[in-house]
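Listed below are the residues making up each chain.
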Amino acid sequence: HAGLASYAGTNLAALNTPNRVLVTTTGRVFISDSWNNRIIEYMPDGRLLPFAGVDNFTIYQGSGDFFGDGGSAVTAGLNTPIGIAFYEADGTMFIADSFNNRIRYVDSAGNIHTLIGADRGYSFGTLLNLPNDVALVGDDLFIADTGNALVLKLTGVDRTGNDLSNSLDIGKAV
């Protein structure tokens, strides 16, 4: 079903450089379909459903878009999303929106927000540079900030959708 490697117009099943597969403890399967600039959910019957990002086929990474913060995740613009992490207690997904230099999250209501990146830099005075992956440990989020050769640890991440309440305690993990 989902083994297609090339774009096929409106065929949602056509993948374009899938980078990560995340399986939750309840068996949900998510795929970062990076060059289609979206996150999709693989259903048990083989269907692929949109989770975040407008299907925006590109022939090269970095050709996506940025828009939609505060609105529905399925109508938002992503730019080469790669790493994904899922907080199962409330259904929040974190996305390394790599070429937008942001970490974004989809809250339990299905709305997308920027957690950190672009104009939401961090205390080191540097902006994220091609964040490639994210991982959750409790309420702490680890970010592989690839272009800056850092792994960051965000402590006590808030997932309410109130971006301003994320006064993050950010440290260099490695």
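Scroll up to find the structure this text is about.
Quick caveat, the model's predicted, so the values are computed rather than measured.

Asker: What is the right way to look at the sheet that holds strand E7 (residues 102-106) in this model?
Answerer: Within a sheet, adjacent strands bond to each other through the backbone by hydrogen bonds, running parallel or antiparallel. Taken in spatial order, the four strands line up as E5-E6-E7-E8 in an open sheet, and their pairing is antiparallel. Whereas interior strands pair on both sides, the edge strands pair on one side only; in this sheet they are strand E5 (81-87) and strand E8 (112-117). Going across the sheet, the axis of each strand differs from the next one's by a mean of 25°, ignoring polarity. Where E5 lies against strand E6 (residues 92-97), five bridges are found, and the strand directions are antiparallel. By the bridge assignment for E6, Phe 86 is matched with Met 93.

Asker: What is the right way to read the nonpolar core from this model?
Answerer: General note: in soluble globular proteins, nonpolar side chains tend to be found buried as a group. Counting residues in each nonpolar core, the largest one holds 15 residues, and the members touching the most others are Phe 94, Ile 103, Leu 115, Val 134, Leu 141, Ile 143 and Leu 154. Counting residues per element, the ones that place at least two in this core are E6, E7, E8, strand E10 (140-145) and strand E11 (150-155). Top element by residues in this core is E11. It accounts for three residues. Counting residues in each nonpolar core, the second largest holds 14 residues, with Ala 73, Leu 78, Ile 84 and Met 93 among its members.

Asker: Where do I start with the side chain of Asn 36 in this structure?
Answerer: When you line up the elements, Asn 36 lands in the loop between strand E2 (29-33) and strand E3 (38-42). Among the residues examined, Asn 36 registers a relative accessible area of 0% and is labelled buried. A polar side-chain atom of Asn 36 sits 3.1 Å from the main-chain carbonyl oxygen of Ala 14.

Asker: Looking at this structure, I do not really get the side chain of Asn 79. What am I missing?
Answerer: Looking at where Asn 79 falls in the secondary structure, it is placed in the loop between strand E4 (48-52) and E5. A distance of 3.3 Å separates polar atoms of two side chains, one belonging to Asn 79 and the other to Thr 80. In contact with Asn 79, other than residues within four places in its own chain, are Asn 37, Gly 62, Ser 63, Gly 64, Asp 65, Asp 97, Ser 98, Phe 99 and Asn 100.

Asker: Honestly, the pattern of salt bridges in this entry has me stumped. Any pointers?
Answerer: Where side chains of opposite charge bring their charged atoms close, a pairing between them can arise. As enumerated under the stated definition, the model contains seven salt bridges in all. Residues Arg 28 and Glu 41 are paired through a salt bridge, measuring 2.8 Å at the closest nitrogen-oxygen approach. Taken together, the positions of Arg 28 in the loop between strand E1 (18-23) and E2 and Glu 41 in strand E3 put the pair 13 residues apart, joining distant regions of the chain. Since its relative accessible area comes to 11%, Glu 41 is described here as buried. With a closest N to O distance of 3.8 Å, Asp 140 and Lys 153 form a salt bridge. Separated by 13 residues along the polypeptide, Asp 140 in strand E10 and Lys 153 in strand E11 bring together distant segments of the chain. Through salt bridges with shared partners, a single network forms among Asp 69, Asp 97 and Arg 104.

About the criteria used
Residues numbered from 1 in each chain as written. Predicted model: local features only at pLDDT ≥ 70, side-chain atom pairs only at ≥ 80, totals over all residues. Heavy atoms only, no water. Pairing = 2+ DSSP bridges. Helix = DSSP H or I, 4+ residues; strand = E, 2+ residues; numbered from the N terminus. Axes fitted to C-alpha atoms, helices over the stretch in contact; angles between N-to-C directions. Core = buried A, V, L, I, M, F, W, Y, C linked by side-chain atoms within 4.5 Å. Buried < 20%, exposed > 50% of the residue type's maximum accessible area, 1.4 Å probe, protein only. Polar contact = N/O pair within 3.5 Å; in protein donor to acceptor, adjacent residues only side chain to side chain. Contact = heavy atoms within 4.5 Å. Salt bridge = Lys/Arg side-chain N within 4 Å of Asp/Glu carboxyl O.

Everything listed here is a matter of coordinates, which is why it stays silent on function.
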